[in-house]
Structures are given as structure tokens and as C-alpha cells.
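Examination of the molecular architecture
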Amino acid sequence: MSTKRIVVTGATGLIGRKLVAELRNDYELVIFSRDPSRARSSLPGAADYVAWQPAEQGPWFAAINGAWGVIHLAGAPISSGLLGMRWTPEYKTEIRNSRVIGTRGIVNAMAAAQQRPAVFVCASAVGYYGFYRDNTPLDENSPPGRDFLAQVCVAWEAEAAKAEALGVRTVMLRTGLVLDPDSGALPQIMLPFKLLTGGPILPGTQVYPWIHPADEIGLIRFALENERVCGPLNAAAPGALSNRDFAAVLGKVLGAPSWLPVPEFSLRIALGEMADLVVNGQNAVPRKALDLGYQFRFPTLEPALRDLLNMPR
């Protein structure tokens, strides 16, 4: 095991759990958690478990001092699957503050440290580019959108970028739809197909930038260990598809029909503003990752779904 110490926030989330399993044999991990006891029982093997809140300062500052790297994944969920949650004004404030204030506090701790980290990998999202885009490919140099989530990402990344002025190599990982059969959006997306009522969400032309968890973890490690990686990094597979094509591939893999469309207005009624997550999209492309030599394990959707769902090829 390397003696390099890495602080991880958001370790009990969908990506965090897989990341800890990937890194714990190679690095000394320090888990920041709202509930350190729960983190210790669910994620054994870390060097330490530190109580942390998304705040501008706290006693956890000391754990940043001397760490070689920080991977910051924490933030209030954007959605609970696709059902049962609306973006109330109060929850929108929580979405924003958990990211912006939480990141500000992590960078404040770096500024106060006598020995600052060498690298800071901070979560962000392809929502940076906004939902109201055409199908033009969007790389890391594309401008941000103006909707709620885009502006959250802009503010979030602005806080992370302050670490660069401290001499810390900083990467903002703009993640797309992470496919996982047990949590996140995929189980909700699959449910209508299992009930033989699957199909595209209209208009069907919106592009879904997806990624297999193995490549999400691979890109985090790539960002952590490759000194050429800095600034924004799109974490989305090269084989992004329209929602109509995504539905067709999912139906094929599940052996289910994929022709029954879901009208936008019904989702607007059910989900309110959160419907933007599924009725709009953005064609985020991983240009920087490809240019720097990252090799995607799952660049196209059908092999990715078959691997995740343990379906024969």
C-alpha cells in the first residue's frame, strides 16, 4: 500500500462506495462523513473516519493537512431515482449549498494547511452545460447553461478552482448519468420496460451522456494519478445516444418492447422542474479524456448494459 493519504468525501454514495473499494488497497484513505460510525461499518479498511459537514470551517480542517490528495464527491442528491421528489425552493437551496459551501470549506482547509494536497478532484456534472441545448457536441471548453443546475455547477466549480491558486492541481469531474442496476436512475428507467410499457421520453431526440461505473471510477483514478489532467473533465462515454436510441438498446438488452412513448407533459405534472433531467439533455463528449489517452472500458451502451445486468452478449 502507498503511504499517500487521500481524503474522500461522499464515500457512502453510489460512486464513493465503489471508489473506496478501488483505492483502499493502494492508498491510505481518510473518509469524511456526516456519520463516521455508519461509514466505518459500511466501508471498512480506511485509515480514519472523520466527522464532516458541508461548512466553511470545522475541526475536520486538521485532516486535510498532510493529505496527498482530496476527492470531493459529497452533495445532496439531485433526484431520488426519478420519482417521489420535487425541487422545492428549500431543497434547491440544499442542492446548491451542499455543493458550493461544502467545496468552499474543503478549499479553506487546504489554504490553512501547512502541507497542502498535491491534487484535488472535485465532483461536478454535465449539467454545467445546461439542459436547453441542441445536439451539438459539448466538450470541456463549451460555455455553461443558464438553468438552475447549470448555475449550481458554475458556482460549485468556481469554489473548486480556488484551490489552483494555492498550487493544488485541480480537476472538476463533470459526470453524466452513472448507470448502476441497483441505485441511481437506471432502476427507475428500467421499470417500465420490465412492465412491457417501455419507450422513449418525448421528444426522444435529447442526448443522454451516460457512463459505466467502471469508467467513472477509472476517470477519477486517471485524474488523481495523471499530472497532465487539470481543469474540467467530462465523465461521459464516447457513445452518447439520443433518448430514443437509448430506449431501443435497453429494450433489446432486456428483451422488452421499447415503442411506447412517455409524453413530456405527464412528467412535468409529476416532477415539476425536475423533469428537466429526463426531457432535456446535453451531448457532452469526453474530448479531454480521449486526448490524454484514457481508454474507456465501455465506450458503447449495449456492452455496458449487458455487463451491468449480467446479460449474455
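Each chain carries its own residue numbering, running from 1 in the written order of its sequence. Confidence filtering applies because this is a predicted model: local features only for residues at pLDDT of at least 70, side-chain atom pairs given and counted only at 80 or more, and all residues used for totals across whole chains, interfaces and linings. The basis for the side-chain values is all heavy atoms of the structure; hydrogens and waters are excluded.

Next up on the list: the overall build of the protein. When helices and strands are tallied, the protein shows 12 helices and 11 strands. With C-alpha atoms as the basis for the radius of gyration, the globule rule is written as 2.2 Å multiplied by the number of residues raised to the power 0.38. Its C-alpha atoms give the protein a radius of gyration of 19 Å, within 12% of the compact-globule value 20 Å for 313 residues. The principal-axis extent of the C-alpha atoms belonging to the protein is close to 60 × 40 × 40 Å. Burial statistics for the protein: of 313 residues in total, 54% are counted as buried. Contacts spanning at least 24 positions in sequence make up 76% of the contacts within the protein whose residues lie at least 6 apart. Within the structure as shown, the protein displays about 13,400 Å² of accessible surface, and the carbon and sulfur contribution to it stands at 53%. If the 30 positive side-chain charges of the protein are averaged to one point and the 28 negative ones to another, these points end up 1 Å apart. In this text, helices come from DSSP runs of H or I with a minimum length of four residues, and strands from runs of E with a minimum of two, each type numbered from the N-terminal end. We call a residue buried when its accessible area falls under 20% of the maximum for its residue type, exposed when it is over 50%, and partly exposed in between, using a 1.4 Å probe and counting protein chains only. Throughout, a contact is declared for two residues whenever any of their heavy atoms are within 4.5 Å. Accessibility throughout is a Shrake-Rupley quantity obtained with a 1.4 Å probe, and a residue counts as covered only by protein chains that appear here. Counted charges follow a simple rule, with Lys and Arg positive, Asp and Glu negative, and His plus the chain ends left uncounted. Charged groups are reduced to one reference atom each: NZ for lysine, CZ for arginine, CG for aspartic acid, CD for glutamic acid.

Attention now goes to the sheet that holds strand E5 (residues 119-125). With respect to topology, seven strands assemble into an open sheet ordered E3-E2-E1-E4-E5-E6-E10, the strand pairing being parallel. In the strand order of this sheet, the two ends are held by strand E3 (48-51) and strand E10 (231-235), each with one partner. Between one strand axis and the next, the sheet turns by 20 degrees as a mean value, whatever way the strands run. Across four bridges, strand E1 (residues 5-9) lies against strand E4 (residues 69-72) in parallel orientation. Bridged to Thr9 within E4 is His72. Helix H7 (residues 213-225) rests against E1, E4, E5, strand E6 (169-175) and E10 of the sheet, and its axis sits at about 165 degrees to E6. In short, DSSP must find at least two bridges between two strands for them to pair. Axis definition: a line fitted to C-alpha atoms, over the contacting stretch in the case of helices. Angles run 0 to 180 degrees between N-to-C directions.

Right, let's get into the pairing of E5. Across the seven residues of E5, six count as buried, placing the element largely inside the fold. Where E4 and E5 come together, four bridges link them in parallel fashion. Its bridge partner being in E5, Val70 is matched across the sheet by Phe120.

This brings us to the environment of Val50. On the secondary structure map, Val50 appears in strand E3. Judged by relative accessible area, which is 12%, Val50 ranks as buried. Between the alpha carbons of Val50 and Gly145 there is a distance of 36 Å; along the sequence they are 95 residues apart. Those residues in contact with Val50, other than ones at most four positions away along the chain, are Val30, Ile31, Phe32, Ser33, Pro36, Trp60 and Ala63.

As a further point, take the pattern of salt bridges. Here a salt bridge means any side-chain nitrogen of Lys or Arg lying within 4 Å of a carboxyl oxygen belonging to Asp or Glu. Applying the stated criterion across every chain, the model contains 12 salt bridges. The salt bridge involving Lys18 is made with Asp180; its shortest N-O contact spans 3.2 Å. One end of the pair, Lys18, is in helix H1 (residues 14-23); the other, Asp180, is in the loop between strand E7 (177-178) and helix H6 (186-194), with 162 residues separating them in the sequence. Judged by its relative accessible area of 33%, Lys18 is partly exposed. Judged by relative accessible area, which is 5%, Asp180 ranks as buried. Measuring nitrogen to oxygen at the nearest pair gives 3.0 Å for the salt bridge that ties Arg306 to Glu302.

Within the secondary structure, Val171 sits in strand E6. Judged by its relative accessible area of 0%, Val171 falls in the buried class. Considered as a pair, Val171 and Phe120 are 51 residues apart in the sequence and their alpha carbons are 6.3 Å apart. Those residues within four positions of Val171 in sequence are excluded, and the remaining contacts are Phe120, Val121, Cys122, Ala223, Val229, Cys230, Gly231 and Leu233.

These figures capture arrangement, not role.
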